[in-house]
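# Tertiary structure, described
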Amino acid sequence: MSVMGREQRLAEVFVELADSLIDDFDVIEFLQGLSVRCVELLGISAAGIMLGDEHGELHTIAASDENTRLLELFAIQHDQGPCVDTFRSGLQRTNIDLTDPKAASAFPHFAQQAQKNGFVVTHALPLRLRTRVVGAMNLFQTQPGTITAEHTALAQALADIATIAILQQRTLEQTYVERDQLQAALTSRIVIEQAKGILAERWNTSPDDAFNRFRAHARSQGLRMSDLARQIVDGVPGHSALS
């Protein structure tokens, strides 16, 4: 893609993201789309967005593919990885070579599992509003190489947009709002995971395929993914396309 073409595409994506930030929007759908746009705009292989709960523990809220989600869950399970460090420090961690012995020493379980999943370089950026950090965004590469300062700035801008979406443009000084908004997003993701498992078993297909079909149906019907997921989990009749 030419420089002009890339800049035009970048402008289109930011307009698309801004237009999505309307009242009562589906935050899970928004973040899912944003993670896919990260892959497109940054030339990386995969991306994931993670949120901290009220106890300060990270949970995956969206990812560009199922492989990334499983990797991040593994990182959280072992309480290690660049995203965990970024969430705690509020600082970017970029161009981490997972094949480097230093990375293996710092994140032994994470680095090993990442390479098993085909990733050799990773980056972590904070989801922050001013001095407050609510989560982190993880980027992965399957090919060696570094991302430029320009791409790092763009990645942070996308992470900042994710933060705004999660908090629905409300300030973090209102502690009760922060707690309620973050918990609502995390709860929605849990229900979606349950629905995805039900559909994968029902259709005898992969979780990734089940999620993509579920998401496409929610979009075509103008439904929040969390609302549709709740109907599936509760066994509410309807939506013949998902039966």
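The sections below set out a description of the structure shown in this document. Here the residue index of a chain counts from 1 through its sequence in written order. In keeping with the predicted nature of the model, local features appear solely for residues at pLDDT of at least 70, side-chain atom pairs appear and are counted solely at 80 or more, and the whole-chain, interface and lining totals rest on all residues. As a rule here, side-chain values cover all heavy atoms of the structure and leave hydrogens and water aside.

Attention now goes to the pairing of strand β5 (residues 132-141). Remark: exposure states derive from per-residue accessible area (1.4 Å probe, protein chains only) relative to the maximum for the residue type, with buried under 20%, exposed over 50%, and partly exposed in between. Only DSSP runs of H or I with at least four residues qualify as helices, and only runs of E with at least two residues qualify as strands; both kinds are numbered from the N terminus onward. Taking burial as the measure, the 10 residues of β5 include eight buried ones, the bulk of the element. Pairing between strand β1 (residues 46-52) and β5: six bridges, direction antiparallel. Paired with Ile49 across the bridge in β5 is Met137. Following DSSP output, two strands are said to pair if at least two bridges run between them. In terms of strand pairing, strand β4 (residues 121-129) meets β5 through nine bridges, oriented antiparallel. Along β5, the bridge assignment pairs Leu125 with Met137. In this structure, the hairpin formed by β4 and β5 is closed by a connection of two residues, where Arg130 is found at a positive phi of approximately 55 degrees.

For β1, the buried fraction is high: seven of the seven residues fall into the buried class. The side-chain alternation of β1 yields two buried faces, one formed by Ala46, Gly48, Met50 and Gly52 and the other by Ala47, Ile49 and Leu51. Relative to strand β2 (residues 58-63), β1 is paired through five bridges, and the arrangement is antiparallel. Opposite Met50, over in β2, you have Thr60 as the bridge partner. Where β1 hands over to β2, the hairpin turn is made up of five residues, of which Gly56 adopts a positive phi near 80 degrees.

Taken together, the buried positions of helix α10 (residues 225-234) are occupied by Met225, Ser226, Leu228, Ala229 and Ile232. All buried residues of α10 fall inside an arc of 160 degrees around its axis, so they share one side. Two residues or fewer after α10 comes Gly235, characterised by a positive phi angle close to 75 degrees. The arc in question is the one traced by the directions running from the helix axis out to the C-beta atoms.

Turning to helix α2 (residues 27-42), a few remarks are in order. Helix span, as expected, comes to 1.5 Å for every residue beyond the first. In a regular helix each residue adds 1.5 Å, so 16 residues correspond to 22 Å; α2 covers 22 Å between its end C-alpha atoms and thus fits that length. Within α2, 13 of the 16 residues are buried, which leaves the element mostly enclosed by the surrounding structure. Following α2 by one or two positions, Gly43 adopts a phi angle in the positive range, close to 65 degrees.

The next point concerns the nonpolar core. For this analysis, a nonpolar core means a set of buried residues of the types Ala, Val, Leu, Ile, Met, Phe, Trp, Tyr and Cys, connected via side-chain atoms within 4.5 Å. Counting 46 residues, the largest nonpolar core has Leu31, Leu34, Ile61, Leu127, Met137, Leu139 and Phe214 as the members making the most contacts within it. Ranked by size, the runner-up nonpolar core spans 12 residues in total, among them Ala75, Phe110, Ala114 and Phe119.

It is worth spelling out the pattern of salt bridges at this point. It is possible for side chains of opposite charge to pair when their charged atoms get near one another. Here, a salt bridge means any Lys or Arg side-chain nitrogen found within 4 Å of an Asp or Glu carboxyl oxygen. Counting across every chain of the model gives eight salt bridges. Residues Glu193 and Lys196 are paired through a salt bridge, measuring 3.3 Å at the closest nitrogen-oxygen approach. Pair noted here: Glu193 and Lys196 are both in helix α8 (residues 175-203), with a separation of three residues, about one helical turn. Taking relative accessible area as the criterion, Lys196 reaches 3% and is therefore assigned buried. As a salt-bridge pair, Asp209 and Arg213 come within 3.5 Å of each other at their nearest N and O atoms. Here Arg213 and Asp209 lie together in helix α9 (residues 207-221), a separation of four residues that amounts to about one turn.

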